[in-house]
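Given next are the chains, with one letter for each unit.
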Amino acid sequence: MPLRLDVKRKLTARSDRVKSVDLHPTEPWMLASLYNGNVHVWNIESQQLIKSFEVCDLPVRASRFVARKNWVVTGSDDMQVRVYNYNTLERVHQFEAHSDYVRCIAVHPTQPFILTCSDDMTIKLWNWEMKWSCQQIFEGHSHYVMQIVINPKDNNTFASASLDRLVKVWQLGSSQPNFTLEGHQRGVNCVDYYHGGDKPYLISGADDSLVKIWDYQNKTCVQTLEGHSQNVSSVSFHPELPIILTGSEDCTVRVWHANTYRLENTLNYGLDRVWCICSLSGSNNVALGYDEGSVMIKVGREEPAMSMDVSGKIVWARHSEIQQANLKAIGGGEETLDGERLPLAVKDLGACDIYPQTIAHNPNGRFVVVCGDGEYIIYTAMALRNKAFGQALEFVWALDSSEYAIRESNFTVKLFKNFKEKKSFKPDFGCEGIYGGYLLGCRSSATGLAFYDWETQELVRRIEIQPRLVFWSENGDYVCIATDENYFILKYSTEAVTNARENKEGVTEDGIEEAFSLVGEVQEVVKTGKWVGDCFIYTNSVNRLNYYVGGEIVTIAHLDRTLYLLGYLAKENRLYLGDKELNVVSYELLVSVLEYQTAVMRRDFATADRVLPTVPSQHRTRVAHFLEKQGFKKQALAVSTDPEHRFDLALSLGELDVCEQLATAAGSEHKWRLVAELAQQRGRLETAQTCLLRAHDYPGLLLQATAAGNATLIKEVGVEAEGQGRNNVAFLSHFLSGNLRECLNLLIKTNRVPEAAFFARTYLPSEVSRVVGLWKGVAGEKVGQSLADPAQYDNLFPGFKDALKTQQFHESRIKPIPATSSPSVKGNHERDPLEEMRAAEAAGTFVYVSPDGDDAEFVDAPQQPPQSGLQSLLDSESYLPSAPPDPAAATAASTIPFTPSPPSPQPSPPPAAATLSLDPLIPTPAPQLVSDTIDEEMVSDADDLEVKDAGLDKVENLSENVVPPMVEEEQEQITEHSDLMKEAQSVETDICSPEEEEEEEEDGNAFDDWEEQDDDSVKVPPKEDFLTGAGDVDLISASVGDKTDTAEEKVSDDGEADDGAGEAGASAPRRIIGWDEDDVEDWGLEQKKNESLGGSGGGATGRAAIDQAQLERELELDLEKVRIEDSIDANDINLDEEELLAD
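What you see is a predicted model, and the numbers here were worked out from it, not measured in a lab.

Calculation criteria
Residues numbered from 1 in each chain as written. Predicted model: local features only at pLDDT ≥ 70, side-chain atom pairs only at ≥ 80, totals over all residues. Heavy atoms only, no water. Helix = DSSP H or I, 4+ residues; strand = E, 2+ residues; numbered from the N terminus. Buried < 20%, exposed > 50% of the residue type's maximum accessible area, 1.4 Å probe, protein only. Contact = heavy atoms within 4.5 Å. Areas by Shrake-Rupley, 256 points an atom, 1.4 Å probe, with all protein chains shown as cover. Pairing = 2+ DSSP bridges. Axes fitted to C-alpha atoms, helices over the stretch in contact; angles between N-to-C directions. Lys, Arg positive; Asp, Glu negative; His and termini not counted. Salt bridge = Lys/Arg side-chain N within 4 Å of Asp/Glu carboxyl O. Polar contact = N/O pair within 3.5 Å; in protein donor to acceptor, adjacent residues only side chain to side chain. Phe/Tyr/Trp six-rings, centres within 6.5 Å; stacked < 30°, edge-to-face > 60°. Disulfide = S-S within 2.5 Å. Core = buried A, V, L, I, M, F, W, Y, C linked by side-chain atoms within 4.5 Å. pLDDT = per-residue confidence, 0-100. Parallel < 35°, antiparallel > 145°, perpendicular 65-115°, else oblique. Left-handed = near helix turned anticlockwise from the far one by under 90°. Nonpolar A, V, L, I, M, F, W, Y, C, P; charged D, E, K, R; others polar. Expected span 1.5 Å × (residues − 1). Arc of directions from axis to C-beta.

### Overview of the overall build of the protein chain
Okay, so step 1: Counting secondary structure elements, the protein chain contains 29 helices and 61 strands.
Okay, so step 2: For the protein chain, buried positions account for 53% of its 1143 residues.
Okay, so step 3: Residue pairs at least 24 apart in sequence account for 52% of intrachain contacts in the protein chain once pairs closer than 6 positions are excluded.
Okay, so step 4: Per element, the accessible surface of the protein chain, about 52500 Å² overall, is 47% carbon and sulfur.

Encoded structure:
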């Protein structure tokens, strides 16, 4: 029978003529050197050109990988040897190796040597660790040296082929050849060594179209292979398979049997002449180089011929040698690590008469069958004695150890029992493959897979599937059918088959329908597999070791290379696998876990409970996952030791107490949220509240509090959220609970001052001034200039007084509303707060109480020119803080008539307690701008004085001896013009320079006049008691040109006023600012000048323009005798230069 070798083409790379090929030992790369001077590296798996080197313009006849150095070494017709790093594509070294074409390069497997041969008839040895120095030159050939190859069994010897018709064998260190082989009639092109240890053979190919096999120990030719019609350009002994590959210029590659020398196959891929062949140890891949490109083929199967019996004895074939290893002989002193190579003691059983392709033990392990070359031989497993043999395409064992079947052809299957033929039958639809196990499986490309009974050969079931492998469990209950894309787990019912045959029901032409039931389908490609109990253990195409049980896939290990499953030893709790180099490794797999899972699958819970205590704790979580997949979540919760898994199980089962315990142990916010959700579902709101608090889930707490109508909880959520920095939730909580001031403070605290200002304007009008002051402080100079305070610019805020009243009205009526009243309570969208306040005010149920204790109106003071006499004092009241007045003082002031103070030589000291607060609330000014606010220290050094304002009905208790005596005519004049002065919309004010002050004093200052009066009825205090020193200034108008300089002026408060302040025990005394008629006229002229130079455009507030006509009419009034008495501290006057030009 011919050798059964499958040949598959894996890569075809079109290119220029290929002169040499090589395979990388670890990467899926093929190296090809081309006649055009380039070198290509192809990826076999992706079939892509991944690297390319432009070596020279002449043919590159040789190239080799040096994997341990990451190099590609090339030799070309320019006599140069070049070394490249194939990772960086950089040239590492270059030197001239020969005086003619470099034909071949051989890399020493262990030493830092390369051998090169050339048309100069020499062979040279190069050492790359000695800076590529030439260590030795081998001379002896009389023609071109075409190829050299190192002996794989003795690395110190190598063979060379030359066109002088000779093959020579050399020794490193010796300049003379060991021996010469003669026999070819024409030049020898190629040579190779046999890799097996049983034969000392060489092979050579020559231009005489012959291939010769040499015994280099006897120096004789043992075989000549004839078949090629042109020059033989390349030959190769395959290192793994018993085949010889020869390539010729007749465009064919011939495959010969290495033992019988029979021609097995001829390959022709239509790429013209063949120039080179390369095979790799440990691989079935073969690279071929042609005139028009290169081809990669895979010959045979890479799975090693290995088998393990139930007792732990492993038998494998190394080439034609059968060897045995016993796992029980491994010393138990050291613990075996998963994936570690086992130190096996190998025993040679002898040579096999055929080349083994597969080896398989029978179920009881007493016999082993070796298949290959279309034959089979059954040996005893212990002594390798021949028990039976025959010709067969395939061989399979039944579950009964004495039964087996062979496939003689595509139509005939023979059954044997006790090594005697029992039955021969022909399947209905042919047989292209057979599978052993509980039932005999026959594959047909037309109808799929058919299962037959071993005893009766009756059809049990036909399944339309094209299987690649079939695995039966030990008791025959389950079967795994693996295809090229996935695998199926089926359950076989013996009872259903028996009943159908007895009752003749359910039997069709496709067999018995109830015979199999589908358990599961998995999208994985099975390489090798084995059943242990009801668990199917397998390796897949991505090198993972898994097992399937009850619908669950458990990964045992990730493999670093391709491994093949051998078997499982329950006593050792280990799973054994082998690789193609015949190394054996093991992985732990507890038999107790498998027994428990098997018992659960069989619903044998008594056995499962008995086995569970034997499962180690570190493996119980795996068991719990299995139980969960089977639907036994309560048992899984009891078995699992993983807190995460237990929490998930308890959560799915609704075990709230267990979840709470696990969440407490874990301290995970995510777990607390899940527990809170479960508690809410169960109606345990207190537990849910605790869980949400531990999870810091303030949105959830707020949702629960609002849903339950728990106002106390809403307030607590606001406090907790603010403490944790959850500002959004804190703001919403404060807002819902009505804590508007907390909302405002939170906005300010988080630097959301603009939002705070708008919030205050909407909900807390009484806080607007304070927030606007803060806004000016943080907004910057330019932005701060455009911000208006309602306390100073009430004309820009229509209805602000009503807003204050409405705030006070609703704050006085805040009360909880019971839920039962909700149908009768209007919604906020249906209410009008202003109308409610006005209705209450009209009904007399609400009386507005000013924050200052009076009914003060907001006056846009900086927009008005300074007024004379008492009116200026009254207007200055708008700057006073909103501190409650002294009730006693207010009562006293209402009963005292307005009369001048009695004469006194010295000013009376101020009272111990002032009527007004001395800590004014002044809005924060913009940086580097002059403040337009005046605090109330203006009355700190004065005696009590009763002032009445008929328009405002305000009474203030001022200090005595501050206002100089005034005639009734002046008072009446002030009264007549007070309303006109209030209507002025803006005024530009500035601080007079000391020179202007002196000019005013020369012109006749009001205070100088007071000192010169001889009226004995009025005693005027000395000037130094109520005036400032040299730095005193008057408040007058300034021109646009002087505005900037004046605004930057700093006025110090030095002189006698400091002493007066010390005596009064209060802050620095205020300056009395005089304003005579000339000053008023100058103020009007400068006002016109300002308008001519820039008007109101100089301001940043964008206020309305001044009514110039009205202003002039007011300035034409007779104010000769009007005196402006005011006490203003220059340090408190910071007039905004932008506001000087506003409106």
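Here the narrative resumes, following the displayed structure.
### Structural notes on the sheet that holds strand β16 (residues 166-171)
Okay, so step 1: With respect to topology, four strands assemble into an open sheet ordered β14-β15-β16-β17, the strand pairing being antiparallel. The open sheet terminates on both sides in strands that have one partner only, identified here as β14 (145-150) and β17 (179-182). The sheet shows a mean angle of 20° between the axes of neighbouring strands, direction not considered.
Okay, so step 2: Here strand β15 (residues 157-162) pairs with β16 via five bridges, running antiparallel. Paired with Thr 157 across the bridge in β16 is Gln 171.

### Observations concerning the sheet that holds strand β36 (residues 386-391)
Okay, so step 1: Overall, antiparallel pairing links the four strands, which are arranged β33-β34-β35-β36 in an open sheet. Whereas interior strands pair on both sides, the edge strands pair on one side only; in this sheet they are β33 (358-361) and β36. Strand-to-strand, the axes of this sheet are offset by a mean angle of 15°, without reference to chain direction.

### A short note on the side chain of Asp 250
Okay, so step 1: With respect to the helices, strands and loops of the structure, Asp 250 is situated in the loop between β23 (243-248) and β24 (253-257).
Okay, so step 2: Comment: no salt bridge for buried Asp 250; closest opposite-charge side chain is Arg 254, at 4.5 Å.
Okay, so step 3: Polar contacts involving the side chain of Asp 250 include one to the side chain of His 228, which spans 3.2 Å.
Okay, so step 4: Contact partners of Asp 250, with chain neighbours within four places excluded, come to His 228, Ser 229 and Gln 230.

### As for the pattern of salt bridges
Okay, so step 1: One pass over the structure, following the stated rule, counts 31 salt bridges.
Okay, so step 2: One salt bridge in this structure joins Asp 453 and Arg 501, with 3.8 Å as the shortest N-O distance. Of the two residues, Asp 453 is situated in the loop between β43 (448-452) and β44 (459-463) and Arg 501 in helix α1 (residues 494-503); the sequence distance between them amounts to 48 residues.
Okay, so step 3: Since its relative accessible area comes to 26%, Arg 501 is described here as partly exposed.
Okay, so step 4: Salt-bridge contacts for Arg 741 lead to Glu 811; the nearest nitrogen and oxygen are separated by 3.5 Å. Remark: Glu 811 occurs in helix α17 (residues 800-811) and Arg 741 occurs in helix α13 (residues 740-749); sequence separation between them is 70 residues.
Okay, so step 5: Judged by its relative accessible area of 38%, Glu 811 is partly exposed.
Okay, so step 6: Connected via shared salt-bridge partners are Arg 741, Glu 767, Arg 770 and Glu 811.

### Digging into the packing of aromatic side chains
Okay, so step 1: Tallied over the entire structure, the rule returns 47 aromatic pairs.
Okay, so step 2: Seen from their ring centres, Phe 138 and Phe 158 are 5.1 Å apart, and the 80° between their planes marks the pair as edge-to-face. One end of the pair, Phe 138, is in strand β13 (residues 133-139); the other, Phe 158, is in strand β15, with 20 residues separating them in the sequence.
Okay, so step 3: A relative accessible area of 1% means that Phe 158 is categorised as buried.
Okay, so step 4: Both rings, one in Phe 735 and one in Phe 759, keep their centres 6.4 Å apart while their planes meet at 65°; by these two values the pair is edge-to-face. With Phe 735 in helix α12 (residues 727-736) and Phe 759 in helix α14 (residues 753-763), the pair connects residues that are 24 residues apart, well separated along the chain.

### Quick notes on the environment of Lys 580
Okay, so step 1: For Lys 580, the location among the structural elements is in the loop between β56 (574-578) and β57 (584-588).
Okay, so step 2: We classify Lys 580 as partly exposed; its relative accessible area is 32%.
Okay, so step 3: For the pair Lys 580 and Ser 283, spaced 297 residues apart in sequence, the C-alpha separation works out to 8.4 Å.
Okay, so step 4: A polar contact is formed between the side chain of Lys 580 and the backbone oxygen of Gly 282, at a distance of 2.9 Å.

### Things to note about the state of the cysteines
Okay, so step 1: Under the counting rule described, the total for this entry stands at zero disulfides.
Okay, so step 2: Unpaired in this structure, Cys 104 has its nearest cysteine sulfur neighbour in Cys 117, at a distance of 4.7 Å.

### What to know about the nonpolar core
Okay, so step 1: Ranked by size, the top nonpolar core spans 76 residues in total, and within it Tyr 487, Phe 536 and Tyr 547 carry the most contacts.
Okay, so step 2: For this core, the leading source of residues is helix α2 (residues 591-601), giving six residues.
Okay, so step 3: Formed by 25 residues, the second largest nonpolar core is a distinct cluster that contains Cys 743, Val 768, Leu 804 and Tyr 848.

### Topic: the pairing of strand β2 (residues 18-23)
Okay, so step 1: Summarising burial for β2: six of the six residues are buried, a large majority.
Okay, so step 2: Bridge count for β2 against strand β3 (residues 29-34) is five bridges, and the pairing is antiparallel. Following the sheet pairing, Leu 23 is matched in β3 by Met 30.
Okay, so step 3: Where β2 folds back onto β3 in an antiparallel hairpin, the turn is made up of five residues.

### Brief notes about the confidence of the model for the protein chain
Okay, so step 1: On average, residues of the protein chain score 77 in pLDDT, and 74% of them are at 70 or above.
Okay, so step 2: Every residue in residues 853-1105 scores below 50 in pLDDT, and together they form 473 contacts with partners more than four places removed in sequence or on other chains.
Okay, so step 3: Predicted confidence is poor over residues 1118-1143, with pLDDT under 50, and the contacts of this stretch with residues over four places away or in other chains come to 119 contacts.

### Brief notes about the packing of helix α6 (residues 643-653) against helix α8 (residues 669-681)
Okay, so step 1: Relative orientation of the contacting elements α6 and α8 amounts to 15°, with a least axis distance of 11 Å. As summarised for this structure, α6 and α8 are arranged roughly parallel, according to the angle between their axes. Relative to α8, the crossing made by α6 is left-handed. Where α6 abuts α8, its residues Glu 644, Phe 647 and Leu 651 lie against Lys 671, Leu 674, Val 675 and Leu 678.
Okay, so step 2: Partitioned by chemical class, the residues of the contact of α6 with α8 number five nonpolar, no polar and two charged.

### Brief notes about unusual backbone geometry
Okay, so step 1: Even without being a glycine, Asn 573 presents a positive backbone phi close to 55°.
Okay, so step 2: If you trace the backbone, Asn 573 turns up in the loop between β55 (564-569) and β56.
Okay, so step 3: Even without being a glycine, Leu 582 presents a positive backbone phi close to 70°.
Okay, so step 4: Topologically, Leu 582 is positioned in the loop between β56 and β57.
Okay, so step 5: On the basis of relative accessibility, which here comes to 10%, the residue Leu 582 falls in the buried class.

### Topic: helix α11 (residues 711-723)
Okay, so step 1: Helix length check: α11 (13 residues) gives 19 Å between terminal C-alpha atoms against 18 Å at 1.5 Å per residue, within 8%.
Okay, so step 2: Within α11, the full set of buried residues consists of Leu 713, Ile 714, Val 717, Gly 718, Ala 721 and Glu 722. All buried residues of α11 lie within an arc of 165° about the axis, which places them on one face of the element. Set apart from the buried face of α11 by more than 90 degrees, the exposed residues are Thr 712, Val 719 and Gly 723.
Okay, so step 3: The elements touched by buried residues of α11 are α9 (685-694), α10 (698-708), α12 and α13.
Okay, so step 4: In this structure Asn 710 caps α11, since a side-chain oxygen of it lies 3.3 Å from the backbone nitrogen of Thr 712.
Okay, so step 5: Directly after α11, the chain includes Gly 725, whose backbone phi takes a positive value near 80°.

### So, the packing of α8 against α9
Okay, so step 1: With their axes 8 Å apart at the nearest point, α8 and α9 run at an angle of 165° to one another. Judged on the interaxial angle alone, α9 and α8 are roughly antiparallel. The handedness of the crossing between α8 and α9 is left-handed. In contact with Glu 669, Trp 672, Val 675, Ala 676, Ala 679 and Gln 680 of α8, α9 contributes Thr 687, Ala 688, Cys 691, Leu 692 and Arg 694.
Okay, so step 2: Classifying every residue of the contact of α8 with α9 by side-chain character gives seven nonpolar, two polar and two charged.

### Some details on the pairing of β23
Okay, so step 1: Buried residues dominate β23, accounting for six of its six residues.
Okay, so step 2: Of the two faces of β23, both are covered, the one formed by Ile 243, Leu 245 and Gly 247 as well as the one formed by Ile 244, Thr 246 and Ser 248.
Okay, so step 3: Bridge count for strand β22 (residues 232-237) against β23 is five bridges, and the pairing is antiparallel. Residue pairing in the sheet places Val 232 in a bridge with Ser 248 of β23.
Okay, so step 4: Counted along the chain from β22 to the antiparallel partner β23, the turn is five residues long.
Okay, so step 5: Taken together, β23 and the strand that follows it, β24, pair antiparallel across an intervening segment of four residues, in which Cys 251 is found at a positive phi of about 75°.

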